[in-house]
Amino acid sequence: MKRIRLPDFTVAQVLDSCVESLRDEGLVLRLTAQVASLSFAEGDYNVKGAVAELYMIPESSSVEGQVTLEEMKSLYTNTLARKGSPARHIYDALRASAPGGICPLCSQRVVSTLDHHLAKSKHAVFTVTPLNLVPACKDCNTDSQARRPLEAGEQTLHPYFDSVDEVLWLVSQVLPGSPPVVRFMAVPPITWSEEKQSMVRQHFIVFKLGELYCTHAAVELINVYQDLVESSELRDAQQISMHLHSIANRRRRPFVNSWQAAMYQALAESDWFCSGGYLEISNSPLLQGL
Ligand SMILES: [Zn+2]
């Protein structure tokens, strides 16, 4: 998970742009009358987000009983997210705020949408609030029960507020086999609070990062195999282990929790792998039929 900078827009600015394309004058009046309450809620979101207490915000089926959940969802879909609408530039700017266009929730796939951190099906008040709209890939844009936390530790990480990439927490393990499999686990440091440790584990599970990295690792293993069998310098298990260790160290320098670094470290530390287990990669289904 990557932390990204806070949005440059406020909910008041979003509403201003959204109502430009509305024809229902009654709705425009009801919406503009809610700018203050939505801005107040946005301030509360900012305070709670900074201390990982967004789970304490109650669900809302309307905005102050004046604008319904369905109207707010329609406002999002038919004005903010609609191509060509006056508000669409805000949607595009929020989506573009992820560095390199990479989804900050999985750090792997390409951003294609905005994810409502507090589900838009349950929080009328935060349907168009920029702080609640996180650039995301399609797979990470979920509205599942698993993302309706009842306590702090059940929350997933929020890219605008949470920072977990200074310290190593992603680790990996090689399962001997033909072919070998690389497994990933979230093991946060015990120096972190119970809640923060739990949030990292929850994020890892909800966004299926273990499965995602395992799939990528199976592809990377093909490269490892090719390098090892073609190298004339790597003659024994110790040399192979040192070679893999040096790759792990280089992969870790830019990104402490890179899955590649975790994988190469696990390979380097596996006696089975370094003393010939790597030859089993030749049985990878990815190499069959070539
Ligand atoms: Zn993603």
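What counts and what doesn't
- In every chain, residue numbers begin from 1 and rise along the written sequence.
- Predicted model: local features are reported for residues with pLDDT of at least 70 only, side-chain atom pairs are reported and counted for 80 or more only, and whole-chain, interface and lining totals are derived from all residues.
- As a convention, hydrogens and water are excluded, and side-chain values are obtained from all of the structure's heavy atoms.
- Here the term patch refers to residues with relative accessible area over 30% and no salt bridge, with like charges joined within 9 Å and nonpolar side chains (Val, Leu, Ile, Met, Phe, Trp, Tyr) within 5 Å.
- All accessibility values rest on the Shrake-Rupley procedure with a 1.4 Å probe; residue burial counts only the protein chains present in the view.
- Every case where a carboxyl oxygen of Asp or Glu lies within 4 Å of a side-chain nitrogen of Lys or Arg is listed as a salt bridge.
- In this charge count, Lys and Arg are treated as positive and Asp and Glu as negative; neither His nor the chain ends contribute.
- In this description, the location of a charge corresponds to atom NZ of lysine, CZ of arginine, CG of aspartate or CD of glutamate.
- Numbering of helices and strands runs from the N terminus; a helix is a DSSP stretch of H or I covering at least four residues, while a strand is a stretch of E covering at least two.
- These domain limits were set by an automatic method or by a database of domain assignments.
- Defined in terms of a 1.4 Å probe, buried area is the accessible area two parts forfeit on being brought together, summed over both.
- Each polar contact in these results corresponds to two N or O atoms within 3.5 Å; when the atoms are within protein, one needs to be able to donate a hydrogen and the other to accept it, and residues that are neighboring in sequence are counted only if both atoms are side-chain atoms.
- Any residue that is not Ala, Val, Leu, Ile, Met, Phe, Trp, Tyr, Cys, Pro, Asp, Glu, Lys or Arg is counted as polar, Gly included; the first ten are nonpolar and the last four charged.
- Grid spacing is 1 Å over the protein atoms alone, the probe is 1.4 Å, and a cavity is where that probe fits but cannot get out, while a pocket is an open set with protein on both sides within 12 Å along at least five of seven lines and lining residues have an atom within 4 Å of a point.
- Grid points are joined across faces, edges and corners, and a volume is the space filled by probe spheres set on the points.
- The contact definition used throughout considers only heavy atoms, calling two residues in contact when any of these lie within 4.5 Å.
- With a 1.4 Å probe rolled over the protein chains alone, any residue whose accessible area is under 20% of its type maximum counts as buried; one over 50% counts as exposed, and the rest are partly exposed.
- Listed donors are limited to N, O and S atoms within 2.8 Å of the metal, widened to 3.2 Å for Na, K and Ca; water is not among them, so incomplete-looking sites are possible.
- Labels for metal geometry use angle windows, namely 85 to 135 degrees for all angles of a four-donor tetrahedral site, and for square planar (four donors) or octahedral (six donors) sites opposite donors over 155 degrees apart plus all others within 65 to 115; sites meeting none of these are irregular.
- A pair of strands counts as paired when DSSP detects no fewer than two bridges linking them.

Peer 1: Kindly report on a negative patch on the surface, identifying the contributing residues and their values.
Peer 2: Together, Glu151, Glu154, Glu194 and Glu195 make up a negatively charged patch on the protein surface. You can see glutamate 194 is positioned in helix α6 (residues 194–206).

Peer 1: Before we move on, can you summarise the domain arrangement of the protein with the specific residues and values?
Peer 2: In terms of domain boundaries, the protein breaks down into domain 1 (11–150) and domain 2 (170–287). Here the C-alpha centroids of domain 1 and domain 2 sit 37 Å apart. Carbon and sulfur atoms make up 64% of the area that domain 1 and domain 2 hide from each other, which totals about 750 Å². Our count for the contact surface shared by domain 1 and domain 2 stands at zero salt bridges. At the surface where domain 1 touches domain 2, the tally comes to four residue pairs in polar contact (both at pLDDT 80 or more). Of the residues assigned to the side of domain 1 that touches domain 2, the class counts are five nonpolar, two polar and two charged.

Peer 1: Which residues make up empty space enclosed by the protein, and what are the values?
Peer 2: To find the voids left in a structure, one rolls a probe of water-molecule size over its atoms. Considering all chains together, one arrives at three cavities of 30 Å³ or more under this definition. Space inside the largest cavity adds up to approximately 60 Å³. Lining the largest cavity are Leu54, Tyr55, His117, Leu118, Arg147, Pro149, Gln155 and Thr156. Across the lining of the largest cavity, the residue classes break down as four nonpolar, three polar and one charged. Quantified by volume, the second largest cavity comes out at close to 50 Å³. Every residue lining the second largest cavity is listed: Gly49, Ala52, Leu54, His117, Gln155, Thr156, His158, Phe161, Asp162 and Met199.

Peer 1: Would you mind going over the environment of arginine 201 in detail, with residue names and values included?
Peer 2: On the secondary structure map, arginine 201 appears in helix α6. C-alpha of arginine 201 to C-alpha of leucine 170: the two residues are 31 residues apart in sequence and 10.0 Å apart in space. The contacts of arginine 201, once residues within four sequence positions are left out, are Ala186 and Pro188.

Peer 1: Just give me the short version of the pattern of salt bridges, but keep the residues and values in it.
Peer 2: Taken as a whole and judged by the stated rule, the model has eight salt bridges. The salt bridge involving glutamate 59 is made with arginine 148; its shortest N-O contact spans 2.8 Å. Taken together, the residues span a long stretch of sequence, with glutamate 59 in the loop between α3 (35–50) and β1 (62–63) and arginine 148 in the loop between β4 (133–136) and β5 (170–175) at a distance of 89 residues. Arginine 148 sits in the partly exposed class, given a relative accessible area of 28%.

Peer 1: Which residues make up the coordination of the zinc ion, and what values do they have?
Peer 2: Binding of the zinc ion to the protein goes through Cys103 (SG), Cys106 (SG), Cys137 (SG) and Cys140 (SG), at separations of 2.3 to 2.4 Å. One can describe the site at the zinc ion as tetrahedral: its four donor atoms subtend angles covering 98 to 114° at the metal.

Peer 1: Can you break down unusual backbone geometry residue by residue, with the values?
Peer 2: Glycine aside, residues mostly have negative phi angles, and peptide bonds mostly take the trans form. Residue proline 179 is bonded to the preceding serine 178 through a cis peptide linkage, with omega at 10°. On the secondary structure map, proline 179 appears in the loop between β5 and β6 (181–186). The phi dihedral of lysine 208 is positive, around 50°, even though this residue is not glycine. If you trace the backbone, lysine 208 turns up in the loop between α6 and α7 (209–230). The exposed category is assigned to lysine 208, whose relative accessible area is 51%.

Peer 1: Would you mind going over the layout of surface pockets in detail, with residue names and values included?
Peer 2: Of the voids in this model, the largest pocket is the one considered here, and its volume is about 400 Å³. Lining the largest pocket are 20 residues, with Lys2, Ser107, Gln108, Asp165 and Phe255 positioned closest to its centre. Counted by class, the lining of the largest pocket contains 12 nonpolar, five polar and three charged residues. When we break the lining of the largest pocket down by domain, the ones giving at least three residues each are domain 1 (11–150) and domain 2 (170–287).

Peer 1: Any details on the pairing of β6? Residues and values, ideally.
Peer 2: The alternating pattern of β6 places Val182, Phe184 and Ala186 on a buried face, while none of Val181, Arg183 and Met185, on the opposite face, is buried. Two strands pair when backbone bridges link them, and β5 and β6 are joined in this way by six bridges, in the antiparallel orientation. Within β6, the residue paired with leucine 170 across the bridge is alanine 186. The antiparallel hairpin formed by β5 and β6 contains five residues in its connecting segment.

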